[in-house]
Amino acid sequence: MTIDIRPLTPEFAGEVSGVDLTHPLTSAEVATLEAGMDRFAVLVYHRQAVTDEQQKAFSLNFGALEQIEGGNVTQAKDQRLGAFMADVSNLDVNHKPLARDDRRRMFNLGNQLWHSDSSFRAIPAKYSILSGRITVDNGGRTEFADMRAAYDALDAATKAEIEDLICEHSLLYSRGTLGFTDLSDGERAMFKPVRQRLVRTHPVTGRKSLYLASHIGSIIGWPVPEARAFIRDLTEHATQPQFLYKHVWKQYDMVMWDNRSTMHRVTRFDDTQVRDMRRTTVAGDSVTVEQLAA
Ligand code: OGA
Ligand code: MN
């Protein structure tokens, strides 16, 4: 089989054919996919009925896996999946949709806000790899924004103004925006804000991108309301239709994205239906800015 990548929009998101993710890949195949990620930032694969172990093995081609701790309010005893897999479903440990007012569900609704995975960690994620094991027919799309194109489209004055800005990211801020503030002291400590540059440079392509997420709560040195208004403005800019790819899921689609140069969100769907989505996350290898001492 030969891998082919077809652009889904002229510059952003590609559809991959000619690869079977249930089997080990050759190093040449991995190199082709990495190059595809550097170019398209989002890659879509169809008909990949992987097991959790196969998804893990595929993900390890691109680096070490990020562990899920610190990213959720779900306790270990309630976890449906292994520690290397983020449960992005709407299900409890018995495979039943969570009740409407279950705090795990309410917390997970934060995925409907534009974000980049693990920007709330000191070393944020490289790739996310999301497998649609059971998908829904109405809503539940995943939308992606090309933060390289969004950066390129800024005017020169804005680029100069933001070049060295540093933001604080935390799950406290994204969940707070939705009015979810019911957190224990332990959870608050776990979600302590981290610092990230607002402008990132991709380590392979050298392209700059806007590093935005709903996890941002402040810009260092700025009054908070001014920072939040500005971040909101930049987010509106970055999520205009010309920068987007919207993925409509079919069962066993696999979508992988580069968190260093994209944002994403899931759209609303009927949460009484089973939506079983499983994510592996390839860890990043560096901070974007020095962190404060703990
Ligand atoms: C994720 C995520 C959106 C979705 O996996 O990181 O935000 O479509 N998922 O479930
Ligand atoms: Mn996400």
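Summarised in this report is the structure supplied together with it.

Parameters and conventions
- Residues numbered from 1 in each chain as written.
- Chains lettered and ligands numbered in written order.
- Predicted model: local features only at pLDDT ≥ 70, side-chain atom pairs only at ≥ 80, totals over all residues.
- Heavy atoms only, no water.
- Helix = DSSP H or I, 4+ residues; strand = E, 2+ residues; numbered from the N terminus.
- Buried < 20%, exposed > 50% of the residue type's maximum accessible area, 1.4 Å probe, protein only.
- Lys, Arg positive; Asp, Glu negative; His and termini not counted.
- Salt bridge = Lys/Arg side-chain N within 4 Å of Asp/Glu carboxyl O.
- Polar contact = N/O pair within 3.5 Å; in protein donor to acceptor, adjacent residues only side chain to side chain.
- Right-handed = clockwise from strand over helix to strand, strands pointing away.
- Pairing = 2+ DSSP bridges.
- Axes fitted to C-alpha atoms, helices over the stretch in contact; angles between N-to-C directions.
- Contact = heavy atoms within 4.5 Å.
- Expected span 1.5 Å × (residues − 1).
- 1 Å grid on protein atoms, 1.4 Å probe; cavity = no way out; pocket = protein on both sides within 12 Å on 5 of 7 lines; lining within 4 Å.
- Points joined across faces, edges and corners; volume = space filled by probe spheres on them.
- Nonpolar A, V, L, I, M, F, W, Y, C, P; charged D, E, K, R; others polar.
- Phe/Tyr/Trp six-rings, centres within 6.5 Å; stacked < 30°, edge-to-face > 60°.
- Lys NZ or Arg CZ within 6 Å of the ring centre and 35° of its normal.

### Some points on the side chain of Asp92
For step 1, the next point in the chain: Within the secondary structure layout, Asp92 lies in the loop between strand 4 (86–87) and helix 3 (103–108).
For step 2, the next point in the chain: Lacking a salt bridge, the buried Asp92 has Arg104 as its closest oppositely charged neighbour, with an N-O distance of 5.6 Å.
For step 3, the next point in the chain: Looking at Asp92, its side chain comes within polar contact range of the main-chain nitrogen of Asn94, at 2.8 Å.

### Here we look at the pairing of strand 3 (residues 42–45)
For step 1, the next point in the chain: Here strand 3 shows two buried faces, one formed by Val42 and Val44 and the other by Leu43 and Tyr45.
For step 2, the next point in the chain: Handedness of the β-α-β unit built from strand 2 (residues 14–17), helix 1 (residues 27–40) and strand 3 comes out right-handed.
For step 3, the next point in the chain: In terms of strand pairing, strand 3 meets strand 13 (residues 254–258) through 4 bridges, oriented antiparallel. Directly across from Leu43, in strand 13, lies its bridge partner Met256.

### Focus: the sheet that holds strand 8 (residues 194–197)
For step 1, the next point in the chain: Spatially, the 3 strands line up as an open sheet ordered 8-7-11, and their pairing is antiparallel. The open sheet has two edge strands, strand 8 and strand 11 (216–219), and neither has a second partner. Going across the sheet, the axis of each strand differs from the next one's by a mean of 35 degrees, ignoring polarity.
For step 2, the next point in the chain: Two strands pair when backbone bridges link them, and strand 7 (residues 166–169) and strand 8 are joined in this way by 4 bridges, in the antiparallel orientation. By the bridge assignment, His169 is partnered in strand 8 with Val194.
For step 3, the next point in the chain: Contacts from helix 8 (residues 224–238) reach strand 7 and strand 11, with the element oriented near 120 degrees to strand 11.

### Looking at helix 1
For step 1, the next point in the chain: Across its 14 residues, helix 1 extends 20 Å between first and last C-alpha, which sits within 8% of the 20 Å expected from 1.5 Å per residue.
For step 2, the next point in the chain: Those residues of helix 1 not exposed but buried are Glu29, Val30, Leu33, Gly36, Met37, Asp38 and Phe40.
For step 3, the next point in the chain: Within two residues after helix 1, Ala41 carries a phi angle of roughly 70 degrees, on the positive side.

### So, empty space enclosed by the protein
Using a probe with the size of a water molecule, rolled over the atoms, empty space left in the structure can be pinpointed.
For step 1, the next point in the chain: Taken as a whole, this structure holds 2 cavities of 30 Å³ or more when the rule is applied.
For step 2, the next point in the chain: Approximately 160 Å³ is the volume attributed to the largest cavity.
For step 3, the next point in the chain: Lining the largest cavity are 13 residues, with Val88, Ser89, Asn108, Leu109 and Phe269 sitting closest to its centre.
For step 4, the next point in the chain: When the residues that make up the lining of the largest cavity are grouped by side-chain class, the tally is 5 nonpolar, 5 polar and 3 charged.
For step 5, the next point in the chain: Every residue lining the second largest cavity is listed: Val88, Asn111, His115, Asp117, Leu130, Thr142, Trp257, His264, Val266, Arg275, Met277 and Arg279.
For step 6, the next point in the chain: Looking at the lining of the second largest cavity, the elements that each hand over two or more residues are strand 14 (262–266) and strand 15 (276–281).
For step 7, the next point in the chain: Of the residues assigned to the lining of the second largest cavity, the class counts are 5 nonpolar, 4 polar and 3 charged.

### Details of the packing of aromatic side chains
The description of an aromatic ring pair uses the distance of the two centres, along with the angle that the planes make with each other.
For step 1, the next point in the chain: Scanning the model with the defined rule gives 8 aromatic pairs in all.
For step 2, the next point in the chain: Aromatic side chains Phe144 and Trp257 sit 5.1 Å apart centroid to centroid with 55 degrees between the ring planes, which places their arrangement in the tilted category. Placement of Phe144 in strand 6 (residues 142–146) and of Trp257 in strand 13 is noted, with a sequence separation of 113 residues between them. Across this residue pair, the class does not change: Phe144 and Trp257 are buried.
For step 3, the next point in the chain: Considering the side-chain rings of Trp222 and Phe230, the 5.3 Å spacing of their centres and the 15 degrees angle between planes classify their relative orientation as stacked. Summarising the burial analysis for this pair, Trp222 and Phe230 share the class buried.
For step 4, the next point in the chain: An aromatic cluster of three or more residues is present, and its members are Tyr45, Phe58, Phe62 and Tyr127.
For step 5, the next point in the chain: The ring of Tyr211 carries Arg200 above its face, with NZ or CZ at 4.5 Å from the centroid.

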